[in-house]
Amino acid sequence: MTEKNIYLPYLMRITQITEESPAVKTFRLEFVDEVAAQNFNFKTGQFGLYSAFGEGESTFCIASSPTRKGYIECTFREVGRVTAALADKEVGDIVGFRGPYGNVFPLEAWKGKNLVFIAGGIALPPLRSVIWNCLDLRDWFKDITVVYGARSVADLVYKHELKEWNERTDINLVTTVDPGGETPDWTGKVGFVPPVVEQLGLSAENTVAIVCGPPIMIKLTLPVLEKLGFAPDQIFTTLENRMKCGLGKCGRCNTGSSYVCKDGPVYTLAQLNELPAEY
Amino acid sequence: MADTFKLTHENLDGLFAVLRKDGRRVLAPVDADGRTELNDVEKPGQVSKSYIQTIMSAKDVVFPKVERLLSYTTEPGSVELHDAEPHALPTVLFGVRPCEAKAFGALDAVFNWDYRDKFFNARLEKMAVIGVSCTKADDACFCTSVGGGPADTKGSDILLTPIDGGYLAEVLTDKGKAIQALAPQLFTPGNGVDKAMIAAKLEQAFDQPALTAKLPGMFENKLWEGQSLRCIGCGACAYVCPTCVCFDIQEEADPKQGQRLRCWDSCGFSMFTLHASGHNPRETQSARWRQRIYHKFSTYPERYQMLGCVGCGKCTRACPVDMNLREHLVEAANA
Ligand SMILES: Cc1cc2nc3c(=O)[nH]c(=O)nc-3n(C[C@H](O)[C@H](O)[C@H](O)COP(=O)(O)OP(=O)(O)OC[C@H]3O[C@@H](n4cnc5c(N)ncnc54)[C@H](O)[C@@H]3O)c2cc1C
Ligand code: SF4
Ligand code: SF4
Ligand code: FES
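This is a predicted model, so every value here is computed, not measured. (Residues numbered from 1 in each chain as written. Chains lettered and ligands numbered in written order. Predicted model: local features only at pLDDT ≥ 70, side-chain atom pairs only at ≥ 80, totals over all residues. Heavy atoms only, no water.)

**Side note on the sheet that holds strand β1 (residues 10-21) of chain A**
Residues and elements named next belong to chain A. Filter applied, for reference: A pair of strands counts as paired when DSSP detects no fewer than two bridges linking them. The helix count covers DSSP runs of H or I at least four residues long, the strand count covers runs of E at least two residues long, and both are numbered beginning at the N terminus. Here the axes come from fitting lines to C-alpha atoms, over the contacting stretch only for helices, and the angles between their N-to-C directions go from 0 to 180 degrees.
An order of β4-β3-β6-β1-β2-β5 is seen for the six strands of this open sheet, with the pairing classed as antiparallel. Both outer strands of the open sheet, β4 (56-61) and β5 (72-77), are each paired with one neighbouring strand and no more. On average, each strand axis in the sheet is inclined to that of its neighbour by 40 degrees, with strand direction left out of account. In the sheet, β1 pairs with strand β2 (residues 24-31) via eight bridges, with the strands oriented antiparallel. Following the sheet pairing, Met-12 is matched in β2 by Phe-31.

**Examining the site of ligand 1**
Heads up, the condition is: Whether a residue is near a molecule or strand is decided by its heavy atoms; if any one of them lies within 4 Å of it, the residue is near. Polar contacts, as counted here, are pairs of nitrogen or oxygen atoms within 3.5 Å of one another; within protein the pair requires one atom able to donate a hydrogen and one able to accept it, and residues that are adjacent in sequence qualify only if both atoms are side-chain atoms. Here, Shrake-Rupley sampling with a 1.4 Å probe gives the accessible areas, and only protein chains in the shown set may cover a residue. Each residue is assigned to one of three groups, with Ala, Val, Leu, Ile, Met, Phe, Trp, Tyr, Cys and Pro labelled nonpolar, Asp, Glu, Lys and Arg labelled charged, and all others, Gly among them, labelled polar.
Close to ligand 1 lie 22 residues; A:Ser58, A:Thr59, A:Thr75, A:Arg81 and A:Thr83 are nearest. Ligand 1 sits at the junction of chains A and B, each of which supplies nearby residues. Between ligand 1 and the protein, one listed contact pairs an oxygen atom with a side-chain N or O atom of A:Thr83 at 2.4 Å. Within the complex, 76% of the 970 Å² of free accessible area of ligand 1 lies under protein. Sorting the residues of the shell around ligand 1 by element identifies β4, β5 and α2 (81-87) of chain A as the ones contributing at least two each. For the shell around ligand 1, the class distribution of residues is eleven nonpolar, seven polar and four charged.

**Looking at the side chain of B:Gln259**
All names here are of chain B. Note the following rule: Exposure is judged per residue with a 1.4 Å probe applied to protein chains only, and the accessible area is read against the type maximum: over 50% gives exposed, under 20% gives buried, and values in between give partly exposed. Contacts are assigned to residue pairs with any non-hydrogen atoms lying within 4.5 Å of each other.
Checked against the element boundaries, Gln-259 lands in strand β12 (residues 257-264). Classification of Gln-259 by relative accessible area gives buried; the value is 18%. Once residues lying within four places of it in the same chain are set aside, the contact partners of Gln-259 are Arg-68, Leu-70, Ser-71, Tyr-72, Gln-250, Glu-251 and Glu-252.

**Digging into the sheet that holds strand β3 (residues 35-41) of chain B**
Taking strand neighbours across the sheet as the criterion, the eight strands line up as β3-β2-β6-β7-β8-β9-β1-β10 (chain B) in an open arrangement whose pairing is mixed. The outermost strands of the open sheet, each flanked by one partner alone, are β3 and β10 (188-189) of chain B.

**Here's the deal with helix α5 (residues 159-167) of chain A**
All names here are of chain A. Quick reminder of the rule: Arc definition: it is the arc formed by the directions from the helix axis to the C-beta atoms.
Of the residues making up α5, those classed as buried are Glu-161, Leu-162 and Trp-165. Mapping the buried residues of α5 onto a view down its axis gives an arc of 105 degrees, with all of them on the same face. Those residues of α5 that are exposed and aimed more than 90 degrees away from the buried face are Lys-163, Asn-166 and Glu-167. Where the residues of α5 are buried, they touch α4 (124-136), β8 (144-150) and β9 (172-177).

**With respect to the environment of A:Glu278**
Examined against the element boundaries, A:Glu278 turns out to sit in the segment after α9 (269-272). On the accessibility criterion, A:Glu278 (5% relative accessible area) is buried. Sequence separation of A:Glu278 and A:Thr255 is 23 residues, and the distance between their C-alpha atoms is 6.0 Å. The contacts of A:Glu278, once residues within four sequence positions are left out, are A:Asn241, A:Thr255, B:Phe219, B:Pro281, B:Arg282, B:Ala287, B:Arg290 and B:Gln291.

**Section: the pattern of salt bridges**
Note the cut-off: Salt bridge, as used here: a side-chain nitrogen of Lys or Arg that lies within 4 Å of a carboxyl oxygen of Asp or Glu.
Throughout the structure, instances matching the rule amount to 33 salt bridges over all chains. As a salt-bridge pair, A:Asp263 and B:Arg303 come within 2.8 Å of each other at their nearest N and O atoms. Within this pair, whereas A:Asp263 is found in helix α8 (residues 260-263), its partner B:Arg303 is found in helix α9 (residues 285-304), the two belonging to separate chains. Note that B:Arg260 is salt-bridged to B:Glu251, the shortest N-O span being 2.7 Å. Take B:Arg260 and B:Glu251: they sit in the same class, and that class is buried. The network of salt bridges with common partners includes A:Arg28, A:Glu73, A:Arg128 and A:Glu161.

**Describing the site of ligand 3**
B:Cys231, B:Ile232, B:Gly233, B:Cys234, B:Gly235, B:Ala236, B:Cys237, B:Cys319, B:Pro320, B:Val321 and B:Met323 make up every residue found near ligand 3. In terms of residue class, the shell around ligand 3 is built from nine nonpolar, two polar and no charged.

**Some points on the nonpolar core**
To be explicit about the condition: The definition of a nonpolar core used throughout is a set of buried Ala, Val, Leu, Ile, Met, Phe, Trp, Tyr and Cys residues joined through side-chain atoms within 4.5 Å.
Among the nonpolar cores identified, the biggest contains 45 residues, and A:Tyr7, B:Val62, B:Leu93, B:Phe104, B:Met127 and B:Phe247 are the most heavily contacted of them. Looking at this core, the elements that each hand over two or more residues are β3 (47-52) and α8 of chain A together with α2 (98-112), α3 (118-125), β7 (127-132), β11 (247-253) and α9 of chain B. Counting residues per element, this core draws most heavily on α2(B), which supplies seven residues. Not counting residues up to four positions away in its chain, the partners in contact with B:Met127 are B:Val61, B:Val62, B:Thr91, B:Leu93, B:Phe104, B:Asp157 and B:Lys175. By size, the runner-up hydrophobic cluster in this structure holds 36 residues, among which are A:Phe105, A:Leu107, A:Ala150 and A:Val153.

**Comments concerning the interface of chain A and chain B**
Put simply, the test is: We define buried area as the total accessible area lost by two parts upon association, computed with a 1.4 Å probe and summed across both.
Taken together, the contacts link 46 residues of chain A with 52 residues of chain B. A combined buried area of about 3,900 Å² lies between chain A and chain B, and 53% of that area is made up of carbon and sulfur atoms. On the chain A side of the contact with chain B, A:Lys249, A:Arg252 and A:Glu278 bury the most area, a combined 18% of that side's loss. If you look at where chain A meets chain B, you find nine salt bridges. Here chain A and chain B share 34 residue pairs in polar contact (both at pLDDT 80 or more) between them. Only β1, β3, β4, β6 (94-101), β14 (258-259) and α8 of chain A provide two or more residues apiece to the side of chain A that touches chain B. Top contributing element to the side of chain A that touches chain B by residue count: β6(A), with four residues.

**Some thoughts on the state of the cysteines**
This is how it is decided: By disulfide we mean two sulfur atoms from cysteines, separated by a distance within 2.5 Å.
Considering all chains together, one arrives at zero disulfides over all chains under this definition. Of all cysteine sulfurs in the structure, the one in B:Cys143 sits closest to B:Cys141, which takes part in no disulfide; the separation is 6.4 Å.

**Regarding unusual backbone geometry**
A cis geometry characterises the amide bond from A:Gly99 onward to A:Pro100, with omega recorded as 0 degrees. Along the chain, A:Pro100 falls in strand β6. Although it is not a glycine, B:Asp322 sits at a positive phi angle of roughly 60 degrees. Inspection of the secondary structure assignment puts B:Asp322 in the loop between α10 (314-318) and α11 (325-334). Using a relative accessible area of 56% as the deciding quantity, one classes B:Asp322 as exposed.

Following this line, the structure appears as structure tokens:
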């Protein structure tokens, strides 16, 4: 009996590279193998292990929407060995991809609700996938609000898409940069994400909030949402525990009885409250 | 139910010869350089006479310290991927203790609970276990506190218990029967010995189900910090542990080719959970020690309906600063 090698990645060709902000890039990746391309499916919220052959693998979410066929995209910040090697790649180069892994955002369960996305810094990629997914299924949902903050204007990722969302009438985009991070022509808000959320006058009624960002932003945003009346099972976030296998084996992402790579990365605040705070 | 036979010393000699003729290597505890470790043997006479256990566990037969997962060659604009095959050798593990024999089940649970790991499975398929019951235990042993025992059959394909002139042989599984079928004449009728009388006596040290039930409420208990003060985070306990399954994936490459390797790892290392941002979910050694206990006594029961600890005591014997797992578990159970 021959079993499949679960560690073997797909070969992917880089077909487009976008420089998002200093040290942050988006790759568009297409399957080298036609059959693999045909059979590949994923859902929003899932992630994968991306290889730079010669250096190793790194975990990134799939930042494109499953409604956009024929390619996947990832957005990553250069922080170490593998991400540096990836950042050196050019259009036409080959990288590896294993996935999709992990659980998903429950879009079906969100039908008929208002959605509020709150993202900070480089944490927009996981939300970009689900935002585009929701925009492509626009009539499933009521109001869609996106609050996105970064340290400075230069640190905002997906600038051209922010512009597009800003111009659309079926999505309410609020961008903000930290005090001192604004430029003379900046038209968004100036201030940290949590108070900006507080000032929006959101109603928790029939609404889910999806929050992704650095731990400090999440920590300060949750009390604001609670004050607005959001219950723990109305708040979603994604965890980024360090991962090696993505398959529920290497043990690295384990916290409590959860493997973040299998049971996550998407959790409700209600679920997180049940786990030891080891993330 | 097991079929019970007698296997005389002489016939065991014969069985080793038959196994080797069948193309299997026999690994057994051997004394060398003041240590007892598993090694290739030809005859039972080479097997250690006085061992309680080997220092290292037998897990590397199914989960090697380093395993190649894939390899590749690269050229500008192209990559050729090569699948890796485990090339598992047909192996009989002779003389492992009942605790260690049981540990393969804990590894199996992780390697196959969802995705199936072909490397582990290929090696497991080619391995058979002839366990030998313990007639003595030491201070580190606590199998009887974690559902096992010095003559427990779980995990062995054949379990031998020393008796006058040879062994009582319990043939337990299909793999065990296949071994017996290689030379059925060597297995003579059993003689109705009560193996419980022969096996080592080991008092239960703590109430494990009660401990498992109270762990979720003990996460913030100061006890973990106290216990971990001497731990230097060397990882030895995980490396000798027959159930520790955590691994790293590393790349070994030059500009033209490379391979991806799976290597043993440990939750006791500070780098294990370190994020690229510098944030570390388990910042202190006490959090890492706690993970070790919780993973084995809380996560495993919850996820796999079994314990992640077999009570072999290898960690205690290997620890350079004398962390005694049994004592620490007793303390936790009484807290
Ligand atoms: C589910 C999930 C989704 C994610 N999504 C994204 C995303 O969309 N975009 C994104 O940018 N990031 C994302 N991340 C984070 C991303 O995985 C890491 O930033 C990335 O893997 C860093 O890889 P690296 O090899 O470049 O860094 P590394 O070189 O691995 O360095 C990272 C850390 O490891 C340490 N280190 C260095 N060398 C070694 C070594 N030899 N052994 C052990 N430790 C070492 C360093 O000290 C450093 O702290 C995600 C993570 C998860 C878990
Ligand atoms: S989490 Fe720790 S105790 Fe559990 S298997 Fe991994 S290394 Fe061993
Ligand atoms: S062997 Fe001892 S010192 Fe080393 S990590 Fe384990 S408990 Fe700590
Ligand atoms: S990343 Fe290996 S178990 Fe989750």
